[in-house]
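What follows is each chain in one-letter form.
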Amino acid sequence: MNFLSKGVEKFVNESAELCQPSKVVLIDGSEEQLEALRAEAVQTGEMIKLNQEILPGCYLHRTKPNDVARVEGRTFICTEKQETAGPTNNWIQKDEAYKILSDIYRGSMKDRTMYVIPYSMGAVGSPFSKIGIELTDSIYVVLNMAIMTRVGQKVLDQLGTSDDFVKGLHSKADVDPEKRYICQFPEDNTIMSVNSAYGGNVLLGKKCFALRIASYQGWKEGWMAEHMLILGLEKPNGETKYIAAAFPSACGKTNLAMLIPPEEFAKKGYKIHTVGDDIAWIRVGKDGRLYAINPENGFFGVAPGTNVKSNPNALASTRKNTIFTNVCHNLENNTVWWEGLDKNPPKKAIDWQGQPWGPEQQAQGVKGAHPNSRFTAPTANCPCLSDQFENPEGVPLDAIIFGGRRAKTAPLVYEARNWNHGVFVGSIMASETTAAASGAVGVVRRDPMAMLPFCGYHMADYFAHWIEMGKKVSHQPKIFNVNWFRTDEEGHFLWPGFGDNMRVLDWIIRRCEGTAEAVETPIGFVPKPEDINLNGLNMTTKDVADLLTVDKKLWLEDADNIEEFYKKFGDKLPKELRAELDTLKNNLK
Ligand code: OXD
Ligand code: MN
């Protein structure tokens, strides 16, 4: 195949030689081509066409039961030296990795088509944007990439003769978990993913490029790639403040990004506008503020738990042109269902493993949808999409929020004293693990800035980069930490969450404007309980006071745990963070 970019040409031809597909097809981005691929996928059984009256343009796909989540244990950062990847990443020496992988890729696309997907992360031509070429033998991947990113000829036109693109080679091969590798080569702008066909492992624009490779690029080039949602909070006076928030996978980024304000706020004119739900690329603007874009073009959201109450905007986003993965197939009307959608599960259905499913299986506790089942929906479907979504310059950030899922310790919200303290707060983030990655669920682990599985280089260098970025910004966003998941002794959530999180965002914005009060505690500033607007909520100021308590004993234990965690980084840990930990310990004494 011929391309204007000689780099693209070489990559495509060499990969074809290695994988030996029966043909190579360029994805031009046209609707006709995508429609033909949908038809082919339906014909081969790769996708099921759903009820086109209820769910126009929607399809269902099931992955192999051994291939339903990101596989952190099979995800590698492949660099010349282990030091570059650091202690929190799996590492394979890059020449060694190329050797192992070549053997697996050799002939892996025999009798299959290799699709060439040119894609742009960020609006085509935006100064923030970057281009990738993904080669894949999966139609499912092509169709998902066409929702999640901007694809096609327009991207090649933008690239022109340049070789500045990220190479991504994906082959589902035999979907053999023993030979599954998700490899990032940040020094070579290269991604190689093989033996998986599950979203997070194979839609290479997302985690592999927009986080792992891009975090490394950002480090080298002076910007940041973060696992953050971006939202605009419009106030009654029409002014919009922008917030970026990092929570680990499946901890509610999509819900917060699409929040519907409670009645009390809505009637005054407060609105939330969604810019992104998972990834933010952040640069310093000419005015010295931080600006963020969402490099994606779709939502790859967790289906279970999404319903008209928890996230009506996400649900609305999935009503057309959406691909569902591993949800339950409702045979009554050829639609989809998942746990937590409604209280009306289908009587006749096929579960995510392809087995008959109905009341009997449900009574036995068999799930209809996999806990990490997903929808891939175009951002354009989102009723509350921000009119700044396509702004090539991004949106200016007023606040950055970190958060995790913690039953105890972390209060509902607290504010860092300054940027460096905020970096410390991000670096000590901890959360209970979820079904988004394979492995045990509900185990507390440190997940700095929600980037533990996604940072493409040494985490201590990443912390240092955060500190450096703070110096480049003249108007630093304020940094906060939230925890919607605190529970009582019986394990009941103490905070209602969802739309009511608006009450916390309101305090955060008022802190940024200097119009809300706070109390200093050993860990930072917490609201005065009466400063959280509880109107219309069945909670008292005393309940909020309980949610805001800072239990010194628990925090002292946490400080010891942080100390342990920081040991991983040895001398590389930035001295600023060491000083913040010392301050925390002193404050707790
Ligand atoms: C995701 C994840 O899919 O973080 O966004 O796993
Ligand atoms: Mn994510």
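Everything below is about the structure shown above.
Residues numbered from 1 in each chain as written. Chains lettered and ligands numbered in written order. Predicted model: local features only at pLDDT ≥ 70, side-chain atom pairs only at ≥ 80, totals over all residues. Heavy atoms only, no water.

> Can you tell me about the pattern of salt bridges, naming the residues and giving the values?
When charged atoms on two side chains of opposite charge get close, those side chains can pair. The final tally for this structure, using the stated rule, is 43 salt bridges. Of the charged contacts, one joins Glu 221 and Lys 130 as a salt bridge, the two residues approaching to 3.1 Å between their closest N and O atoms. With Glu 221 in helix H8 (residues 205-221) and Lys 130 in strand E7 (residues 130-136), the pair connects residues that are 91 residues apart, well separated along the chain. Looking at Glu 221, the relative accessible area reads 44%, which means it is partly exposed. Notably, a salt bridge pairs Lys 241 with Glu 513, separated by 3.8 Å at the nearest N-O pair. Of the two residues, Lys 241 sits in strand E14 (residues 240-246) while Glu 513 sits in helix H15 (residues 502-513), which places them 272 residues apart along the sequence. We classify Lys 241 as buried; its relative accessible area is 13%. (Salt bridge = Lys/Arg side-chain N within 4 Å of Asp/Glu carboxyl O. Helix = DSSP H or I, 4+ residues; strand = E, 2+ residues; numbered from the N terminus. Buried < 20%, exposed > 50% of the residue type's maximum accessible area, 1.4 Å probe, protein only.)

> Outline the packing of helix H2 (residues 31-44) against helix H5 (residues 139-148), listing residues and values.
Axis separation between H2 and H5 bottoms out at 10 Å; the angle between their running directions is 140 degrees. Put simply, H2 runs oblique to H5. The interaxial crossing formed by H2 with H5 has left-handed handedness. On H5, the residues that touch Leu 34, Leu 37, Arg 38, Glu 40 and Ala 41 of H2 are Ile 139, Val 142, Leu 143 and Ala 146. (Axes fitted to C-alpha atoms, helices over the stretch in contact; angles between N-to-C directions. Parallel < 35°, antiparallel > 145°, perpendicular 65-115°, else oblique. Left-handed = near helix turned anticlockwise from the far one by under 90°. Contact = heavy atoms within 4.5 Å.)

> Quick one: what's the story with the packing of aromatic side chains, residue by residue and with numbers?
Within the structure shown, the criterion is met by 25 aromatic pairs. Pairing Phe 247 with Trp 484 gives two aromatic rings, centres 6.4 Å apart and planes at 85 degrees, and the pair type is edge-to-face. Of the two residues, Phe 247 is situated in the loop between E14 and helix H9 (253-257) and Trp 484 in the loop between strand E29 (478-482) and H15; the sequence distance between them amounts to 237 residues. Overall, the relative accessible area of 7% leaves Trp 484 in the buried class. Residues Phe 565 and Phe 569 carry aromatic rings whose centres are separated by 5.4 Å and whose planes lie at 90 degrees to one another, so their mutual orientation is edge-to-face. (Phe/Tyr/Trp six-rings, centres within 6.5 Å; stacked < 30°, edge-to-face > 60°.)

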